[in-house]
Amino acid sequence: MNKDLLSCADLTHDDFVKLMELSAKIKRERGTPQAAKPLAGKSIGLIFAKASTRTRVSFEIGVQELGGYPIYLESGKTQMGRGETIPDTAKVLERYLHGIVIRTFAQADVEGLAANSKYPVINALTDDYHPCQVLTDMFTMLEYKGKLEGLKMAYLGDGASNMANSLMLVCQLAGVDLAIGAPEEYRPSQKIMDRNLGPGKCSWTTDPYEAVKDADFIYTDVWVSMGFEEEAKERIRVLKPYQLDMAKLKAAKPDAKVMHCLPAHRGDEITDEVMDCDQSIVFDEAENRLHVQKAIMTMLMGN
Ligand code: CP
Ligand code: NVA
């Protein structure tokens, strides 16, 4: 297994299968005497340059439940916010910490931190990727369906976002077929589509109804990701036809499940009716962040 988790391209198929199994075990054993403490005696830095509810809380609790000590660092309040370089920061932090979880803007900064530190670095979201989220999503789908290979996921909305990029990689790895419904202006990266990390196939259509046809899961995400606020008006205008509403949910398989990484902008990318319907599993995804991230930390940072 690679030292770091910077995107799902860091995982082999075997790593992925092991991660799914370990996540299930950690979830089952949470709060019991069997629960392992592989981070005992270790301190993990959590560096955040962007807002977060789920990721911050689940990592902080997760480190503690694994026996470690989490240190939350708001990057603007560190010397990084005053221009200390990423390599210098990495070389200092490795003298104190045993691992870093980082949420920031540029993927290159996360890569720089990883390249200059002997300890594992976990990407907790950049403009390009959100691996912890999509690995959790695959685990959640596995809980509902008992298998992943051969399933179809449809993703509606910003096809050029960190979530779309990450879903393409993880679906390839997991053998899930991913159909992205997105407009030309926010089309998915051809390069990522063609990575072929595994048997899952990725496709793109501008027709949201074609994307959701026969889908087992429909996924959506905010139209205005963190850092793109200045483009909000134009994004909302162009992405409007891709709103996940009842008509599109009904065009998928009758038992299709609704997924969203959250936070949701209700009334934009998803209607209240869809978000709150029986087919919605968005809060299961949120819970599973804790279990899957504990498994990721156990594999990368555990004794
Ligand atoms: N899904 C997710 O990463 O949520 P937060 O931004 O609240 O961490
Ligand atoms: N695409 C969203 C995901 C939030 C978890 C963003 O980057 O803001």
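Computed from a predicted model, the values in this text were never measured in an experiment.

Asks: Just checking my understanding: could you explain the sheet that holds strand β7 (residues 202–205) for this structure?
Replies: Sheet strands line up and pair through hydrogen bonds in the backbone, either parallel or antiparallel. Ordered by their spatial adjacency, five strands build an open sheet running β7-β6-β5-β8-β9, and the pairing between neighbours is parallel. Each edge of the open sheet is held by one strand with a lone partner, namely β7 and β9 (257–260). Going from strand to strand, the sheet's axes swing by 20° on average, the running direction of each strand aside. Note that strand β6 (residues 177–181) and β7 share four bridges and pair parallel. Counted as the bridge partner of Leu 178 is Cys 202 from β7. Each of β8 (217–220) and β9 touches helix α12 (residues 282–301); the most contacted strand, β9, lies at about 50° to it.

Asks: What's the story with the site of ligand 2 in this structure? I'm lost.
Replies: Contacts to ligand 2 come from Leu 125, His 130, Asn 162, Asp 221, Val 222, Ser 225, Met 226 and Leu 262. In this structure, Asn 162 approaches ligand 2 through a side-chain N or O atom, which is 2.8 Å from an oxygen atom. Summarising the interface, the protein chains cover 95% of the accessible area of ligand 2, which totals 270 Å² for the free molecule. Residues belonging to the shell around ligand 2 are distributed by class as follows: four nonpolar, three polar and one charged.

Asks: Quick question: what am I supposed to make of the packing of helix α5 (residues 131–145) against α12 here?
Replies: When two helices pack together, their arrangement is captured by the angle between the axes and the distance separating the axes. Closest axis-to-axis distance for the α5/α12 pair is 8 Å, and the angle between their directions is 110°. Taken together, the axis directions place α5 and α12 in an arrangement best described as roughly perpendicular. Note on packing geometry: the crossing formed by α5 with α12 is right-handed. Residues Cys 132, Gln 133, Leu 135, Thr 136, Asp 137, Phe 139, Thr 140, Glu 143 and Tyr 144 of α5 pack against Asp 284, Glu 285, Asn 288, Arg 289, Val 292, Gln 293 and Ile 296 of α12. Of the residues that constitute the contact of α5 with α12, the class distribution is six nonpolar, five polar and five charged.

About the criteria used
Residues numbered from 1 in each chain as written. Chains lettered and ligands numbered in written order. Predicted model: local features only at pLDDT ≥ 70, side-chain atom pairs only at ≥ 80, totals over all residues. Heavy atoms only, no water. Pairing = 2+ DSSP bridges. Helix = DSSP H or I, 4+ residues; strand = E, 2+ residues; numbered from the N terminus. Axes fitted to C-alpha atoms, helices over the stretch in contact; angles between N-to-C directions. Contact = heavy atoms within 4.5 Å. Near = heavy atom within 4 Å. Polar contact = N/O pair within 3.5 Å; in protein donor to acceptor, adjacent residues only side chain to side chain. Areas by Shrake-Rupley, 256 points an atom, 1.4 Å probe, with all protein chains shown as cover. Nonpolar A, V, L, I, M, F, W, Y, C, P; charged D, E, K, R; others polar. Parallel < 35°, antiparallel > 145°, perpendicular 65-115°, else oblique. Left-handed = near helix turned anticlockwise from the far one by under 90°.

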